[in-house]
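Single-letter residue listing:
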Amino acid sequence: MMISKTEQELFELEVISNYIIPIGVVLIVLFILYRLMRIFQLFYASTYNKPLFVYRFFKLSNLPTKQKEILENEHSFFGKLSNNHQRQFEHRVSQFIQSNTFIGKQELEVTDQMKVKIAATASMLCFGFKKHQLDIIERVIIYPNAYYSQTNKTFHKGEVNPKLKTIVFSWKDFQYGYEVGDDNLNLGIHEFGHAIHLNASMNNDVSSIIFNQGYNRLVTYLQEHETLRQQLIASKYFRAYAYTNQYEFFAVLLENFIETPSEFKLQFPELYKCLKEMLNFKFAGY
């Protein structure tokens, strides 16, 4: 029996529609499930001050052998992590290096050591975050020493420029921050502290929500306890630069939190607890 061209076309359309409709339904269901999952994650984060889950377990990136050796030998935080956390940390360091452009200034050659140590600092501070990439950073500029900034016409050791999506370091001063590990003075931690603070203020992902809620609790707690504010200043545990503005305050607190956690916890337990929750920092003895 012969089938006309029209009948053939109708048959083909029917076959196609039988496939297209189920695919469309599946896509709608997946989208709904995704939205529900996101709502649940946000609810969980707002309620318990921590992400529902943090790390990925598939398609983890590896560092080249030379960079892996630098990470193992020159970043003490990495050595304090469990084997599973070290694997996650290596992945995040690799992702930071791959997703950011490193630029040396004043004829400075960017080395693997520079890339790894800067990426490891960012990864350390964001290690408790579900979304560990900082949206406001796409370029890392490195000067050999303190440099003259055109932004405010003065010499700087480091800065964050969210408009240019850039973080800048004097390599000499970055290195010094790790040579003395307990003086609460670490340029890398300080500048990435600014980047984290600014990044959270511009985003609404789970980790940003947790950070912002924690920061608001921190500010409220300080406003309601004048005696504590006086104790902070009198203790001289935090350097005076902390009291310049809210961003410097957090960045300096973060330096102390990372470098001398035991002393921080002993002197100001409530502030320590607040920072720990903001960063979801539950590893390496913190």
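Remember, predicted model here, so these are calculated numbers, not experimental data. (Residues numbered from 1 in each chain as written. Predicted model: local features only at pLDDT ≥ 70, side-chain atom pairs only at ≥ 80, totals over all residues. Heavy atoms only, no water.)

(A) Representation of the nonpolar core. Among the nonpolar cores identified, the biggest contains 68 residues, and Phe89, Ile118, Phe192 and Phe264 are the most heavily contacted of them. The contact partners of Phe264, leaving out residues within four places of it in the chain, are Tyr237, Phe238, Leu253, Asn256, Phe257, Pro269, Leu271, Tyr272 and Leu275. (Core = buried A, V, L, I, M, F, W, Y, C linked by side-chain atoms within 4.5 Å. Buried < 20%, exposed > 50% of the residue type's maximum accessible area, 1.4 Å probe, protein only. Contact = heavy atoms within 4.5 Å.)

(B) Layout of the pattern of salt bridges. Here the structure, examined in full by the defined rule, presents nine salt bridges. Here Lys68 makes a salt bridge to Glu72, at a shortest N to O gap of 3.8 Å. One end of the pair is Lys68 and the other is Glu72, both in helix α2 (residues 65-74) and four residues apart, which spans about a single turn. Judged by relative accessible area, which is 43%, Glu72 ranks as partly exposed. The shortest N-O distance in the salt bridge between Glu255 and Arg239 comes to 2.6 Å. Of this pair, Glu255 sits in helix α10 (residues 246-259) while Arg239 sits in the loop between α9 (226-235) and α10, and the two are 16 residues apart along the sequence. Here Glu255 falls in the buried class, since its relative accessible area comes to 0%. You can call Arg239 partly exposed: its relative accessible area is 28%. Each of Lys68, Glu72, Arg87 and Glu90 takes part in salt bridges that share partners, so that together they form one network. (Salt bridge = Lys/Arg side-chain N within 4 Å of Asp/Glu carboxyl O. Helix = DSSP H or I, 4+ residues; strand = E, 2+ residues; numbered from the N terminus.)

(C) Here's a closer look at the pairing of strand β1 (residues 101-104). Here four bridges tie β1 to strand β2 (residues 139-143), and the two strands are oriented parallel to one another. The residue of β2 that forms the bridge with Thr101 is Arg139. Running through helix α5 (residues 112-125), the crossover from β1 to the neighbouring parallel element β2 is left-handed. (Pairing = 2+ DSSP bridges. Right-handed = clockwise from strand over helix to strand, strands pointing away.)

(D) Region of the structure containing the environment of Asp135. Within the secondary structure layout, Asp135 lies in the loop between α5 and β2. Residues Asp135 and Pro162, spaced 27 residues apart in sequence, show a C-alpha to C-alpha distance of 9.1 Å. Setting aside chain neighbours within four positions, we find Asp135 in contact with Lys165, Asn199 and Asn203.

(E) α10, seen in detail. The first and last C-alpha atoms of α10 sit 20 Å apart over 14 residues, in line with the 20 Å expected at 1.5 Å per residue. Burial of α10 is extensive: 12 of the 14 residues sit out of reach of the surface. Buried residues of α10: Glu248, Phe249, Phe250, Ala251, Val252, Leu253, Leu254, Glu255, Asn256, Phe257, Ile258 and Glu259, and no others. One side-chain oxygen at the N-terminal end of α10 lies 3.0 Å from the backbone nitrogen of Tyr247; it belongs to Asn245. (Expected span 1.5 Å × (residues − 1). Polar contact = N/O pair within 3.5 Å; in protein donor to acceptor, adjacent residues only side chain to side chain.)

(F) Expanded view of the side chain of Gln67. With respect to the helices and strands, the residue Gln67 is situated in helix α2. Not counting chain neighbours up to four residues away, the residues in contact with Gln67 comprise Ile97, Asp112 and Val116.

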